[in-house]
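# A closer look at the structure
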Amino acid sequence: MPAQPALLVALLAQRCPVCRRGAIFSGWLELHPTCPACGLRFERESGYFLVAVLIGYMFAIAALVPVCVALFLKGAAVNTVFAVLCCTALILTPIIHRFARVLWLYVDQQLHPRTKAP
Ligand SMILES: [Zn+2]
């Protein structure tokens, strides 16, 4: 059996936090219910990914505030700033959605480790 990829590599590749091989997502926004490689159930309980929503908000703020400040410093009109922020948010939403869930899975794995699928 080949060695597990490094934690950061597996996180960026959006792989299972336990085996680091199975893909977490089955499509753009859909999660596999269980890891295709080890069978780990990703959603531990109902509402499990609510923390990921909060992480997603933080990612969005971290991405949009600098854009907003830069546009205001350049003297852009409020309507322009609003339009640019809306477009940026729409473009970033799928990326943020995915990485917020993956980050939450990895943080939760560090806080409450699961060594194998139940
Ligand atoms: Zn796995």
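First, a word on what this report is: a plain description of the structure on this page. (Residues numbered from 1 in each chain as written. Predicted model: local features only at pLDDT ≥ 70, side-chain atom pairs only at ≥ 80, totals over all residues. Heavy atoms only, no water.)

## Considerations on helix α2 (residues 50-73)
What counts here: In this text, helices come from DSSP runs of H or I with a minimum length of four residues, and strands from runs of E with a minimum of two, each type numbered from the N-terminal end. To estimate the expected span of a helix, subtract one from its residue number and multiply by 1.5 Å. Summary of the burial criterion: residues with accessible area below 20% of their type's maximum are buried, those above 50% are exposed, and those between are partly exposed, where the area comes from a 1.4 Å probe applied to protein chains only. Should any heavy atoms of two residues lie within 4.5 Å, those residues are counted as being in contact.
In this model α2 runs 35 Å from its N-terminal to its C-terminal C-alpha over 24 residues, within 8% of the 34 Å that 1.5 Å per residue would give. Taken as a whole, α2 has its buried residues at Ala52, Ile55, Gly56, Leu64 and Leu71. On the buried face of α2, the contacting elements are α3 (78-111). Immediately beyond the C-terminal end of α2, within one or two residues, lies Gly75, with a positive phi of roughly 85 degrees.

## Remarks on the coordination of the zinc ion
Basically, it comes down to this: Any N, O or S atom lying within 2.8 Å of the metal counts as a donor, and for Na, K and Ca the limit rises to 3.2 Å; water is left out, so some sites can look incomplete. When four donors show all angles between 85 and 135 degrees the site is tetrahedral, when four or six donors have opposite pairs over 155 degrees and all other angles between 65 and 115 it is square planar or octahedral respectively, and in every other case it is irregular.
The protein atoms that coordinate the zinc ion are Cys16 (SG), Cys19 (SG), Cys35 (SG) and Cys38 (SG), at distances spanning 2.3 to 2.4 Å. Around the zinc ion, the four donor atoms are arranged such that angles at the metal cover 104 to 116 degrees; this shape is classified as tetrahedral.

## Some thoughts on the layout of surface pockets
In plain terms, the rule: Buried and open spaces are told apart on a 1 Å grid over the protein atoms alone, a cavity being a set of points where a 1.4 Å probe fits but cannot get out and a pocket being an open set with protein on both sides within 12 Å along at least five of seven lines. Residues with an atom within 4 Å of a point are the lining residues. Grid points are joined across faces, edges and corners, and a volume is the space filled by probe spheres set on the points. Gly falls in the polar group here, along with every residue not listed as nonpolar (Ala, Val, Leu, Ile, Met, Phe, Trp, Tyr, Cys, Pro) or charged (Asp, Glu, Lys, Arg).
Taken as a whole, the largest pocket holds about 180 Å³ of empty space. Considering the residues around the largest pocket, the lining is formed by 13 residues, among which Gly56, Tyr57, Thr93, Ile96 and His97 are closest to the centre. Where the lining of the largest pocket is concerned, the elements lending two or more residues are α2 and α3. Counting residues per element, the lining of the largest pocket draws most heavily on α3, which supplies seven residues. Class assignment for the residues of the lining of the largest pocket results in nine nonpolar, three polar and one charged.

## Observations regarding the nonpolar core
For soluble globular proteins, nonpolar side chains are generally found buried alongside one another. The condition is simple: Nonpolar cores are built from buried Ala, Val, Leu, Ile, Met, Phe, Trp, Tyr and Cys residues. Side-chain atoms within 4.5 Å join them into one set.
In this structure, Cys16, Ile24 and Phe42 are the most contacted members of the largest nonpolar core, which totals 19 residues. Aside from chain neighbours lying at most four places away, what touches Phe42 is Cys16, Pro17, Ala23, Ile24, His32, Pro33, Thr34, Cys35, Tyr48, Phe49, Leu105 and Arg114.

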